[in-house]
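Observations on the three-dimensional arrangement
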Amino acid sequence: MKRFLSVSALALGVSTAANAMTLGAHGVGQVLIYPYYTANGGNGTLLSIVNANEEGKALKVRFHEGLNGRVVADFNLYLSEWDVWVGQVFDTSADGSGPAAIATNDNSCTVPAFIGFGGGFPSSLLFSNAAYSAANADGGPETLARTHEGYFEVIEMGVVTNATKNSLTAITHVAGVPAHCSQVTAAWGAQGYWTQASATDIDPPTGGLYGSEAVLNVAEGTMYTANAEAIDGFSATAQHSAPGSASPDLNTATKSGSGIVSAFLPLGASMVRADYQRSEDAVSALFMAGNLFNEYVVDPAVAAGSDWVVTLPTKRFYTDPALLGANQARAPFNAMFSGAEGGTSCSPISPAIFSREEDGLIGWCGFGVCPPEPEYTLCYGANVLTMGSGESVLATHLAHSGAGGSSVIPVPFRSGQLRIDLNRYANGSDAAYVPLNSANGPALYGLPAFGFLAMRYINGNVTPGVLANYSGDYPHRSRVICTNSTNPQNACQ
């Protein structure tokens, strides 16, 4: 999703009293949100987290399972100046019933430290089902297989310094290895200096992070890559916390003295400010899309298949009862997460399909008179929409087909483009979602969504025995739909 901002809050003449949050220009910022990870179907997910600043960083790394966004892995990462950390999410079991895990051969300091757990596995951190099972059950499946697919985020907690305990020296590499990772591990121990005072050697965050990921299938010879979306201006204060702490999260951005967080959105040739009392609303505003656009190919001549990853990174704050503390979903979402159909919270969407030659459907079925149009929905925090037959090129377990709607989009053309309307229901209804209303007027229609298209080709017209699988991925494009709630006839200004 490309919505780069080319102006700063200062250039806009915006008061610095309110926190000014933006999508990070050119993919760099304080917060990174990665659209997808998977360990299903022989896939693994490679990831990188990059510090592009000449200063140490304390980061919170958090993985969310795809259904309800519950946390399945969480650790602190400490990067020295210009440091890069890499890892790979993989399936620990032969039959897919065990947990996913993240492995690394990187030397940068993590708390907890990654360890080998037998069976020839490298230094790893096992994913857990504790957040959605037993006393924490949310109505969805409680199996470890649920940890295999979802999305993840990185939040800068602060800048590491040498103010009193020489923490920056401890995490800085000497001959390729940090000087004293044991020091930062002990700092979070029972009597550690961070356990007693988490702000020790920590200054406010400054940003400068970027990252990328790749879904890799060695057997099939495919790789689908994506960049992390960056948020800048998230926090003006340090939020250093122990591993496993619920903070910082996307609902802990710095507020102004009047309790406001501002999001700045590029609309046409203008920048629009939207003010919110809830931090997660400001983050949602940055990702609000009335429509998503992308291509697809399902040509059987080259065994082509296409999946759309559509991730709703803030959905859990609006639909998970454990976070809401209420019995009704909050706008712009319309349904609480529940045990219905295996654990869902379904938002209807309206797809429009076109060929490459501008042909569209006459009625959804291709004829003038059609039976009632089926419902299509986004039922999870991370969604994979499969085009055509239903065979997923990502081998997703996030497919959905039931009374709440379907995530399989039938396409009558072998290739073309797809538009998904997130601001109104299917079946030709004019009913629109309740918008995300700001305190100062702008009302945003749609859902906070981003993601990418994953396409696969298999060419059989090559020398026998030569692998001829190809893959490609393309970020979704989006359109922002905004009105002024104080004067609905006027567009946002």
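It should be emphasised that the depicted structure is a prediction, and the values quoted were computed from it without experimental measurement.

Here the focus is the overall build of the chain. If you tally the helices and strands in the chain, you get six helices and 36 strands. By the burial criterion, 54% of the 493 residues in the chain qualify as buried. Here the chain displays about 19400 Å² of accessible surface, and carbon together with sulfur accounts for 53% of that area.

Turning our eyes to something else, we now look at the sheet that holds strand β21 (residues 305-311). Through backbone hydrogen bonds, the strands of a sheet pair up, either in parallel or in antiparallel fashion. The sheet built from five strands is open, its strands ordered β27-β24-β21-β32-β33 with mixed pairing. In this open sheet, the two edge strands, each paired with only one partner strand, are β27 (408-409) and β33 (469-475). As paired elements, β21 and strand β24 (residues 382-387) share five bridges and run antiparallel to each other. Residue pairing in the sheet places Asp-307 in a bridge with Thr-386 of β24.

Counted residue by residue, strand β2 (residues 31-38) has eight buried out of eight residues, so it is predominantly covered. For β2 and strand β10 (residues 149-160), the ladder comprises six bridges, and the chain directions are antiparallel. Bridge assignment links Ile-33 to a residue of β10, and that residue is Glu-153.

The next point concerns the nonpolar core. Residues Met-21, Ile-231, Trp-308, Leu-385, Met-387 and Leu-422 are the most contacted members of the largest nonpolar core, which totals 56 residues. In contact with Leu-385, not counting residues within four places along its chain, are Ser-306, Asp-307, Trp-308, Val-310, Ile-349, Thr-377, Leu-378, Ser-407, Ile-409 and Ile-420.

Remark: the empty space left among the atoms is shown by a probe the size of a water molecule rolled over them. Counted under the stated rule, the structure contains two cavities of 30 Å³ or more. When its volume is computed, the second largest cavity comes out at roughly 30 Å³.

A few words on unusual backbone geometry. Glycine aside, negative phi is the norm for most residues, and most peptide bonds take the trans geometry. Following Ser-247, the chain continues into Pro-248 via a peptide bond in cis, with omega recorded as 0 degrees. Examined against the element boundaries, Pro-248 turns out to sit in the loop between β16 (229-232) and β17 (261-267). With an omega of 15 degrees, the peptide bond running from Ala-331 to Pro-332 counts as cis. Of note, Pro-332 is situated in the loop between α6 (321-324) and β22 (347-355). Its identity is not glycine, yet Ala-175 carries a phi of approximately 55 degrees, on the positive side. Within the secondary structure layout, Ala-175 lies in the loop between β11 (173-174) and β12 (177-178).

Attention now goes to the side chain of Asp-83. With respect to the element layout, Asp-83 can be found in the loop between β5 (71-79) and β6 (84-91). For the buried Asp-83, no salt bridge exists, and the shortest N-O distance to an oppositely charged side chain is 12 Å, to Lys-57.

Our next topic: the pattern of salt bridges. Across all of its chains, the model carries 16 salt bridges by this definition. One salt bridge in this structure joins Arg-146 and Asp-138, with 2.7 Å as the shortest N-O distance. Two residues, Arg-316 and Asp-249, come together in a salt bridge whose shortest N-O distance is 2.8 Å. Taken together, the residues Arg-316 in helix α5 (residues 316-319) and Asp-249 in the loop between β16 and β17 connect sequence positions 67 residues apart. Across the pair, exposure class does not vary: Arg-316 and Asp-249 are buried alike.

What follows deals with the sheet that holds strand β15 (residues 222-227). Taking strand neighbours across the sheet as the criterion, the six strands line up as β9-β7-β6-β3-β14-β15 in an open arrangement whose pairing is antiparallel. Two strands close off the open sheet at either side, each with one partner strand: β9 (124-126) and β15. Averaged over all adjacent pairs, the angle separating strand axes in this sheet is 20 degrees, with direction ignored. Inspection of the sheet shows strand β14 (residues 209-217) paired to β15 by six bridges, in the antiparallel sense. Bridge assignment links Asn-217 to a residue of β15, and that residue is Thr-222.

Further remarks concern the environment of Pro-410. Relative to the helices and strands, Pro-410 is located in the loop between β27 and β28 (415-421). Residues Pro-410 and Ser-389 lie 21 residues apart in sequence; the distance between their C-alpha atoms is 7.0 Å.

On to the side chain of Thr-386. Within the fold, Thr-386 resides in strand β24. At 3.0 Å, the side chain of Thr-386 forms a polar contact with the side chain of Asp-307. Apart from the residues within four sequence positions on either side, Thr-386 is in contact with Ser-306, Asp-307, Glu-391, Ser-392, Ser-407, Val-408 and Ile-409.

What follows concerns the state of the cysteines. Here, disulfide denotes a covalent bond that connects the sulfur atoms of two cysteines. Overall, the coordinates contain two disulfides when judged by the stated rule. Sulfur-sulfur distance for the disulfide between Cys-109 and Cys-181 comes to 2.0 Å. Taking the sign of the S-S torsion, -90 degrees for the link of Cys-109 and Cys-181, the bridge is left-handed. In this pair, Cys-109 sits in strand β8 (residues 109-111) while Cys-181 sits in helix α2 (residues 181-187), placing the two residues 72 residues apart along the sequence. We classify Cys-181 as partly exposed; its relative accessible area is 24%.

Once that is clear, we can look at the pairing of β14. In this sheet, β14 lies alongside strand β3 (residues 44-51) in antiparallel orientation, the contact comprising eight bridges. Counterpart to Gly-44 in the pairing with β14 is Leu-216. Hairpin remark: β14 followed by β15, antiparallel, with four residues in the connecting loop; positive phi at Gly-221, about 70 degrees.

Take Gly-41: it is sitting in the loop between β2 and β3. A residue is classified by how much of its surface remains accessible, and Gly-41, at 53% relative accessible area, is exposed. Note: C-alpha distance between Gly-41 and Val-393 (352 residues apart in sequence) is 9.4 Å. Sequence-distant contacts of Gly-41, defined by excluding residues within four places in its chain, comprise Asn-217 and Ala-395.

Mean pLDDT over the chain stands at 89; residues scoring 70 or higher make up 87%. Residue range residues 1-17 is modelled with pLDDT below 50. Its contacts to residues more than four positions away, or to other chains, number 39 contacts. Within the model, pLDDT remains below 50 along residues 426-430, and this stretch shows nine contacts once partners closer than five positions in the same chain are excluded.

Reading guide: rules and limits
Residues numbered from 1 in each chain as written. Predicted model: local features only at pLDDT ≥ 70, side-chain atom pairs only at ≥ 80, totals over all residues. Heavy atoms only, no water. Helix = DSSP H or I, 4+ residues; strand = E, 2+ residues; numbered from the N terminus. Buried < 20%, exposed > 50% of the residue type's maximum accessible area, 1.4 Å probe, protein only. Areas by Shrake-Rupley, 256 points an atom, 1.4 Å probe, with all protein chains shown as cover. Pairing = 2+ DSSP bridges. Core = buried A, V, L, I, M, F, W, Y, C linked by side-chain atoms within 4.5 Å. Contact = heavy atoms within 4.5 Å. 1 Å grid on protein atoms, 1.4 Å probe; cavity = no way out; pocket = protein on both sides within 12 Å on 5 of 7 lines; lining within 4 Å. Points joined across faces, edges and corners; volume = space filled by probe spheres on them. Lys, Arg positive; Asp, Glu negative; His and termini not counted. Salt bridge = Lys/Arg side-chain N within 4 Å of Asp/Glu carboxyl O. Axes fitted to C-alpha atoms, helices over the stretch in contact; angles between N-to-C directions. Polar contact = N/O pair within 3.5 Å; in protein donor to acceptor, adjacent residues only side chain to side chain. Disulfide = S-S within 2.5 Å. pLDDT = per-residue confidence, 0-100.

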